[in-house]
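Residues per chain, in single letters:
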Amino acid sequence: MSDKIVTRFAPSPTGFLHIGGARTALFNWAYARAKGGKFLLRIEDTDRARSTTEAIDAIMAGMKWLGLEADEAPVYQSKRQARHVEVATKLLQSGHAYRSYAPDQELEKVRAEARAAGVAPRYPGRHEPLTMAKRGEYVVRFKSPIEGETVIHDEVQGDVVIKNDQLDDLVLLRSDGTPTYMLAVVVDDHDMGITHVIRGDDHLTNCARQIQIYKALGWDLPVFAHIPLIHGADGAKLSKRHGALGAEQYKALGYLPEGLQNYLARLGWSHGDEEIITTEQLIEWFDLDAINKAPARFDIQKLDHVNGHYIREADDDRLIADLKELISSGEMTHEFSYDVRKIEFDRFKDALPFLKERAKTLIELLEVASYLFVSLPIPMEDKAAKSIKDAPALDILKGLADELASLPSFEKETLETSLKGFAEKRELKFGKVAQPLRAVLTGTPNSPGIYDVLVSLGQEETLRRIRDVL
RNA sequence: GCCCCCUUCGUCUAGUGGUUAGGACGCAAGAUUUUCAUUCUUGAAACAGGAGUUCGAUUCUCCUAGGGGGUGCCA
């Protein structure tokens, strides 16, 4: 036993890496990193029928995207069956487990009766050997103590006491000889040298059962930390909407991994008033005692805000690379107002400094850049169309076309003096000049600053767009 | 049914036996500005309810209510 901390994330590969799992992985990863320990991944695929390789790939891809890579190759629980059987046999030999031949119907009956009587269901086989004929098919059950209580010393929940008479004799080995989760999780955590088990609190009650198995085996207990689940925006379980999406889907939605990571870290964990927390800071600050006991709701608006921060901070080249990847991935479901495959990334990059100020996701970034890449009859939004309909507006545009055509260069400062002078000459408020111009250049009433639009479009294209509506 | 966990602004949270209960998102107003966004300023907004302990409870205890989880040959 070394002092080094070892944590693990142990998903069952029956679906994508959902947001709750991602946070569990993040906490385990952060704790290992914070304490200079190891972070391992174990695929809990003992339920072969429901486990898929697609799910395994999706989970690993999601973790990789979030920057949560394990320090060693993943352990596949299904490949450790021999060891699980070995331990079950040991338990059988030491009298901590027994073969159970009862058919399902009998168990159903017992459970129904227990429920009707208002007590926890207990499997009767443990009291007296079953008298029924052995049919050859059996499961191995753990002989759970009836007297006393089991205490879980939980780093997040505190001491949780469960009376032993609440815990039934759980199945260790199924009738086909495969191990159940309850057995496998104990054996694997022990064998992998896991020192800290950080997982969702849906495992809290079952933890008491696992502790009994540890004790029967004479093994040391790991430290347990059961973190509350994440709820959806409506307070119910994570579902539909944003909550139940897979981590990878947030990528397709245009979120940055550091944005999601930051948001997730703050969901149920905090460090004073800190909101923007970099990966480095997370590693420096993360600890179990700052994890909240109450479940948190997933708030997409705050995620947007945090993500917007990271978009603005992001390096331009990196953003362009992300954009290219996102577009070629074909995973975006957003319907764009223009053909994003026609984007000229050189021009995009030049405009990025002022574009990223107004985007919270990569998708929004592509949308605010739309004016750059639409082709000639510029699609007009109603409001924009209205602002250039009347004669005075058209007259302004006509004058603007002449004015802009006469400029020797198309730089911001030149344009500023030019446009301001133009407005002054005609005794117009600047908005009267800028709005029609914006409409005709971008097709919308809202856009980046007019000088930025002008510069990013260039003199030739600007004039082409103005003249197109005259 | 039985068992376990949880409860500070709408949301994420800080916090203390005595505080003007703090921050963030969102919302509202204002400043900046050619629009939108960014940025900045200001504002509204919370200790679930009831007992008890105490000189004093948001903080400690109990009860209730509400929410969540478990109770599988799922994990």
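Note on placement: Asn-28 falls in helix 1 (residues 19-34). Take Asn-28: its relative accessible area is 0%, and that puts it in the buried class. A polar atom in the side chain of Asn-28 sits 2.8 Å from the backbone oxygen of Ile-198. When sequence neighbours within four positions are dropped, the list of residues in contact with Asn-28 reads Thr-7, Arg-8, Phe-39, His-196 and Ile-198.

A few words on the pairing of strand 7 (residues 158-163). Relative to strand 7, strand 6 (residues 149-154) runs antiparallel, the two sharing six bridges. In the strand pairing of strand 7, Glu-149 is matched with Lys-163. Following strand 6, the chain reverses through three residues before pairing antiparallel with strand 7.

Moving on, we get to the sheet that holds strand 8 (residues 171-173). If you walk across this open sheet you meet the three strands as 4-5-8, and the pairing is antiparallel. Whereas interior strands pair on both sides, the edge strands pair on one side only; in this sheet they are strand 4 (97-100) and strand 8. The sheet shows a mean angle of 40° between the axes of neighbouring strands, taken without regard to direction. Two strands pair when backbone bridges link them, and strand 5 (residues 139-142) and strand 8 are joined in this way by two bridges, in the antiparallel orientation. In the sheet register, Arg-141 faces strand 8, and the bridge partner there is Val-171. Sheet strands in contact with helix 3 (residues 81-93) are strand 4, strand 5 and strand 8, and its direction is about 100° off that of strand 4.

Conventions used here
- Residues numbered from 1 in each chain as written.
- Chains lettered and ligands numbered in written order.
- Predicted model: local features only at pLDDT ≥ 70, side-chain atom pairs only at ≥ 80, totals over all residues.
- Heavy atoms only, no water.
- Helix = DSSP H or I, 4+ residues; strand = E, 2+ residues; numbered from the N terminus.
- Buried < 20%, exposed > 50% of the residue type's maximum accessible area, 1.4 Å probe, protein only.
- Polar contact = N/O pair within 3.5 Å; in protein donor to acceptor, adjacent residues only side chain to side chain.
- Contact = heavy atoms within 4.5 Å.
- Pairing = 2+ DSSP bridges.
- Axes fitted to C-alpha atoms, helices over the stretch in contact; angles between N-to-C directions.

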